[in-house]
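Here's the letter readout for the chains.
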Amino acid sequence: MKKHLLVLLAICIGGLMVVSCNRENEGGGGNTGSKTTIQYKMLDTYLFSSQPVQISSCFHYNIKYVDANGQTVELNNVSAPWTLPAFEIKPPFKAKLEGTIVYNENELPDGPIYFGAAPKIVNVGTTVSYGDDITGYFETKAKFLEFIATHPDRLHFTVEHTF
């Protein structure tokens, strides 16, 4: 009789553990329970040979980002450095920062031109950030304009990360 009672008790405890685990993981599993704080940034520098390089101030950005509610927000003519205040997200969350580099040809210096965009999605409280810099150095305005005429895709950037 004691043996049957112990087996029944073990089955009940096991059942309770399964139900408890399922309640904690509702909504798709993974890291859904803990919140994460993120931040979007547009830096005004990039590293070249471990040295910071200042992007020419003639470049501005039209950007779109996904806010904490999953809505897309658009901003035009943003100057770097730009930082959106940090906000909390609950994983799974797909953070996205995309945009276009804009410039006025009349504002371009004759040279040199340090072209670029340094968009970042930062996991606040850690040293982790996501984003690839788009950069280039041009000795003259004419060389920059020639490059952009043949590579207009270099004016666009997208950074995405799922937390």
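You'll find the structure just up there.
Residues numbered from 1 in each chain as written. Predicted model: local features only at pLDDT ≥ 70, side-chain atom pairs only at ≥ 80, totals over all residues. Heavy atoms only, no water.

Trainee: Tell me about the overall build of the chain, and please be specific about residues and values.
Mentor: Of regular secondary structure, the chain possesses two helices and twelve strands. At a minimum sequence separation of 6, the contacts of the chain that also span at least 24 residues come to 70%. Of the accessible surface of the chain, which amounts to about 10400 Å², a share of 54% is contributed by carbon and sulfur atoms. (Helix = DSSP H or I, 4+ residues; strand = E, 2+ residues; numbered from the N terminus. Contact = heavy atoms within 4.5 Å. Areas by Shrake-Rupley, 256 points an atom, 1.4 Å probe, with all protein chains shown as cover.)

Trainee: Could you give an account of unusual backbone geometry, naming the residues involved and the relevant values?
Mentor: With an omega dihedral of 5°, the bond running from Ala-80 to Pro-81 counts as a cis peptide bond. Note on placement: Pro-81 falls in the loop between strand E5 (72-78) and strand E6 (82-83). Along the chain, Gly-111 connects to Pro-112 via a cis peptide bond; the corresponding omega equals -15°. Structurally, Pro-112 is set in the loop between strand E8 (94-102) and strand E9 (113-123). A positive phi angle is found at Ser-49, which is not glycine, with a value near 55°. By the secondary structure assignment, Ser-49 is in the loop between strand E2 (45-48) and strand E3 (51-54). Positive phi values are uncommon outside glycine, yet Asn-77 reaches one of about 60°. You can see Asn-77 is positioned in strand E5.

Trainee: I'd like a description of the side chain of Gln-39, backed by residues and values.
Mentor: Along the chain, Gln-39 turns up in strand E1 (residues 36-43). Residue Gln-39 is classed as buried on the basis of its relative accessible area, which comes to 16%. In terms of polar contacts, Gln-39 uses its side chain to reach the backbone carbonyl oxygen of Leu-84, at 3.1 Å. In this structure, Gln-39 is in contact with Thr-83, Leu-84, Pro-85, Ala-86, Lys-120, Ile-121, Val-122 and Val-124, ignoring residues within four places of it in sequence. (Buried < 20%, exposed > 50% of the residue type's maximum accessible area, 1.4 Å probe, protein only. Polar contact = N/O pair within 3.5 Å; in protein donor to acceptor, adjacent residues only side chain to side chain.)

Trainee: Could you give an account of the environment of Val-122, with specific residues and numbers?
Mentor: Position of Val-122 among the secondary structure elements: in strand E9. Once the C-alpha coordinates of Val-122 and Ala-95 are considered, the two residues, 27 residues apart in sequence, prove to be 9.9 Å apart. Once residues lying within four places of it in the same chain are set aside, the contact partners of Val-122 are Thr-37, Ile-38, Gln-39, Lys-41, Val-128 and Ser-129.

Trainee: Describe in detail the packing of aromatic side chains, supporting the description with residues and values.
Mentor: The final tally for this structure, using the stated rule, is 14 aromatic pairs. With a centroid separation of 5.4 Å and an interplanar angle of 45°, the aromatic rings of Tyr-40 and Tyr-65 are classed as tilted. Of the two residues, Tyr-40 is situated in strand E1 and Tyr-65 in strand E4 (residues 60-66); the sequence distance between them amounts to 25 residues. Relative accessible area serves as the criterion here: at 0%, Tyr-40 is assigned to the buried category. Look at Tyr-40 and Phe-87: their rings are 5.8 Å apart centre to centre, the planes differ by 45°, and that puts the pair in the tilted class. Placement of Tyr-40 in strand E1 and of Phe-87 in strand E7 (residues 87-89) is noted, with a sequence separation of 47 residues between them. An aromatic cluster of three or more residues is present, and its members are Phe-59, Tyr-103, Phe-115, Phe-138, Phe-144 and Phe-147. (Phe/Tyr/Trp six-rings, centres within 6.5 Å; stacked < 30°, edge-to-face > 60°.)

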